[in-house]
Amino acid sequence: MIQIKNLHKSYKMGNSSLHVLKGIDFEVQQGELVAIMGSSGSGKSTLLNILGMLDVLDEGSYTLDDVLIKDLDETKAAKYRNKFLGFVFQSFNLINYKTAIENVSLPLYYQGIARKERQEEALKYLTMVGLAEWATHLPSELSGGQKQRVAIARAMASKPKVLLADEPTGALDTTTSYEVMDLIQKINEEGNTILVVTHEEDIAKMCKRIVKLKDGVIVEDKKVKQVIAANYV
Amino acid sequence: MFSRDRWQEIFDTIRKNKLRTFLSGFTVALGIFIFIILFGFGNGLKNQFQEFFLDDATNTITLFAGKTSMPYQGFKSNRRIEFDNSDLADIKENFPFFLEYITPRISRSASVKYKNEFDNYSTRGVGPAHQFAEKTIMMKGRYINEKDIENKTKYAVIGRLVAQDLFNQGDALGQFIEIGNSVFKVIGIFQDDGGDREERYIYIPYTTRQLLEKSNDKVDQIVLAFKPQLGHSGSLVFERKLREFLKKKKSIAPKDPNGIFFRNRADILKQNQQFANVLQLIVTFVGLGTLIAGIIGISNIMVFVVKERTKELGIRKALGATPKSVIQMILQESVFITTISGYVGLFIGIFVLKSIGVSLQDYFIKDPYIDTTTALFATIILILFGGIAGYIPAKRAARIKPIVALRDE
């Protein structure tokens, strides 16, 4: 699903440049649930941004679903993002003046799907995350866990090849975190490929594979025995 | 542009961001409103000015007779020159190319009496063309005509205020009044935009006036109009030729500055028009200034709106919005809001102008108005600049990487 070869990325900071990713080789197969771990400054968010086409790489290659991702202009990136990727952010990033169902149907709007169909699709995904009865509520009327579930429903609504989650539990308490991870595991069980960036050990252990980054290189990449989140909810 | 889905998205956004919508709409409406009010007042000022100075016909030349100051062809200096009926006929005959109309004017003050009411008024013995020269407006009855001149009828056309003074509320038309010691029949009542003084005149046929004065044929003043298409310079040529002709006829030294005097209204017209042009310039300047202030206002609001939406736009981009769709959304929304509120401001402005217009006459503003073309043009300009002002930050926002937009939390 994802192949990354010899990935380098640096940021210019005035005169000096900060070398964040120093040659990463990394592959993810269809249906994997991968945790990317590392302390802050290890380059894990940068890696996720490049995977999410929110940022461009300096050197190396990135192939997603057999499509070589390069020379992205903004329009192309937007189309790829819409087609291939779903995003879940630490801070949810729901549009605050849109109701839950409107938020979920937004990526479908950008896919050019008709309104009625959009509504049905969106409701289906809200039902999947268990928030059907909250469909017409604004984000401000939802709890943190509910918001993240809406965000997950939104990310899944466009049927992405890969779901990218950047610290999805970072803003949630432990119980809610496990609930969210439970949902992510269930989505993964249906065959979806998911990457989770986290710095929390217990969250990482709920994935099937853990990749550890330190100072811009992968220091550890191992399969783990998955802890089932549902047992802790 | 016309996809129903996109409109729905825009209406959603507008409905759910009422304050923002109100702010940008209000700025535009206010800009247009102030523009219309100020521009309208400027036009009112111009109207008032025109009424003050441009009341009479502006293509007229008035001829006065005076005393000569040089001896010529055996005549001594200091000789009194007088016009008579033959001069009228001669001018008519010799200057058909220049002349539009000609009329004598014999002014006499007279005591006028009706029943127990009486007062002193200025009477003017005139020809029918005098009505055009003074822009006299008939309220009732008719003006003096050629037949009256021919028959030397004792008919009088009286000013509105004369009728008011003598007849109070009663109908003056057809009544008989005494002017001096003769009885005249009132055949018409007029009004004049030139003010009260002009509405206290009494017009009678000049031949009747001559008949009353021992049947002479003297005329004090000659009022004539040149064809308007001659313009100011043409009128000066006419004036020069006329002066030569009359000096020759009356045996006045060609170099004598006195004897005959001319008052060419075209000169006054020219001055007044220059003044009117300055007023127009001021009005335009005020309008332009207001419009620019409006443009700056809407630009500020648009920049603010886009700034406020940076995060939202980042989310939209992460979900697959292309830069083009982001720009389009912002533009469509801003143009929609500015158009609606622009026209609201337009109509309120025109309405207010219409309703307070009359009460401003005391402040030298008469009939303030704004022509539709100017008003629409201003509205469209504001909408256009609202669009441009929205486009620039929208374009920048569309170029921001979603990661940057989403970062600050």
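Check the entry above for the structure.
Residues numbered from 1 in each chain as written. Chains lettered and ligands numbered in written order. Predicted model: local features only at pLDDT ≥ 70, side-chain atom pairs only at ≥ 80, totals over all residues.

Draft legend 1. Quick look at the overall build of chain A. Scanning chain A from terminus to terminus reveals seven helices and ten strands. Here chain A holds 233 residues, and 48% of them are scored as buried. Pairs at least 24 residues apart make up 68% of the contacts formed inside chain A by residues separated by at least 6 positions. (Helix = DSSP H or I, 4+ residues; strand = E, 2+ residues; numbered from the N terminus. Buried ≥ 20, exposed ≤ 12 C-beta atoms within 10 Å, placed from the backbone. Contact = placed C-beta atoms within 7 Å.)

Draft legend 2. Geometry of the overall build of chain B. Summing up its helical and strand segments, chain B has 13 helices and twelve strands in all. Here chain B, with 409 residues, has 37% of them falling under the buried criterion. Restricting to contacts in chain B with at least 6 residues of sequence separation, those with at least 24 account for 80%.

Draft legend 3. Spotlight on the pairing of strand β10 (residues 217-223) of chain A. Residues and elements named next belong to chain A. With respect to burial, β10 is a largely exposed element, only zero of its seven residues being buried. Sheet topology places strand β9 (residues 209-214) next to β10; six bridges connect them, and they run antiparallel. Looking across to β10, one finds that Arg209 is bridged to Lys223. A loop of two residues connects β9 with β10, the two strands running antiparallel in sequence, and Asp215 in this loop sits at a positive phi of about 50°. (Pairing = 2+ DSSP bridges.)

Draft legend 4. The arrangement of the sheet that holds strand β5 (residues 67-68) of chain A in detail. Residues and elements named next belong to chain A. Taking strand neighbours across the sheet as the criterion, the four strands line up as β2-β1-β4-β5 in an open arrangement whose pairing is antiparallel. Two strands bound the open sheet, and with one partner strand each, they are β2 (16-28) and β5. In the sheet, strand β4 (residues 59-64) pairs with β5 via two bridges, with the strands oriented antiparallel. If you follow Leu64 over to β5, its bridge partner there is Val67.

Draft legend 5. Quick look at the interface of chain B and chain A. Taken together, the contact between chain B and chain A spans 21 residues of the former and 22 residues of the latter. Of all the secondary-structure elements, those providing two or more residues to the side of chain B that touches chain A are α1 (4-16), α10 (310-318), α11 (323-356) and α13 (402-407) of chain B. Residues of the side of chain B that touches chain A, tallied by class, amount to eight nonpolar, four polar and nine charged. (Nonpolar A, V, L, I, M, F, W, Y, C, P; charged D, E, K, R; others polar.)

Draft legend 6. Summary view of the nonpolar core. By size, the foremost hydrophobic cluster in this structure holds 107 residues, and its most contacted members are Ile36(A) and Leu195(A). The greatest single-element share of this core, amounting to nine residues, is contributed by helix α12 (residues 372-399) of chain B. Beyond its immediate chain neighbours, meaning those up to four positions away, Ile36(A) contacts Lys44(A), Leu47(A), Leu48(A), Leu195(A), Val197(A), Val211(A) and Leu213(A). Core analysis: the next-biggest nonpolar cluster, separate from the first, contains 48 residues, Val126(B), Tyr143(B), Ile177(B) and Tyr201(B) among them. (Core = buried A, V, L, I, M, F, W, Y, C linked by C-beta atoms within 7 Å.)

Draft legend 7. Structural view of unusual backbone geometry. One non-glycine residue, Phe92(A), lies in positive phi territory at about 65°. With respect to the secondary-structure elements, Phe92(A) resides in the loop between β6 (85-88) and α3 (100-110). Its identity as a non-glycine residue notwithstanding, Lys152(B) has a phi of 50°, on the positive side.

Draft legend 8. Representation of α12(B) within the structure. Its 28 residues place the ends of α12(B) 40 Å apart at the C-alpha level, agreeing with the 40 Å of an ideal helix rising 1.5 Å per residue. Residues of α12(B) that are buried: Ala375(B), Ala378(B), Thr379(B), Leu382(B), Ile383(B), Phe385(B), Gly386(B), Ala389(B), Gly390(B), Ala394(B), Ala397(B) and Ala398(B). (Expected span 1.5 Å × (residues − 1).)

Draft legend 9. Region of interest: the packing of α1(B) against α11(B). All names here are of chain B. The contact between α1 and α11 brings their axes to 10 Å, and the two run at 65°. Judged by the inter-axis angle, α1 sits roughly perpendicular to α11. Where α1 crosses over α11, the handedness of that crossing is right-handed. Contacts between α1 and α11 involve Arg6, Ile10, Thr13 and Ile14 from the first element and Met329, Gln332, Glu333, Phe336 and Ile337 from the second. (Axes fitted to C-alpha atoms, helices over the stretch in contact; angles between N-to-C directions. Parallel < 35°, antiparallel > 145°, perpendicular 65-115°, else oblique. Left-handed = near helix turned anticlockwise from the far one by under 90°.)

Draft legend 10. Main features of the pairing of β4(A). All names here are of chain A. The pairing of strand β1 (residues 2-13) with β4 spans five bridges and is antiparallel. Across the sheet, the residue bridging to His8 is Glu59, located in β4. In textbook terms, the turn of a hairpin is the stretch between consecutive antiparallel strands, and for β4 and β5 this stretch comprises two residues, one of which, Asp65, has a positive phi near 50°.

Draft legend 11. Region of the structure containing the environment of Ala378(B). Residues and elements named next belong to chain B. Tracing the backbone shows Ala378 in helix α12. The sequence separation of Ala378 and Leu288 amounts to 90 residues, and the corresponding C-alpha distance is 9.1 Å. When sequence neighbours within four positions are dropped, the list of residues in contact with Ala378 reads Ile32, Phe35 and Leu291.

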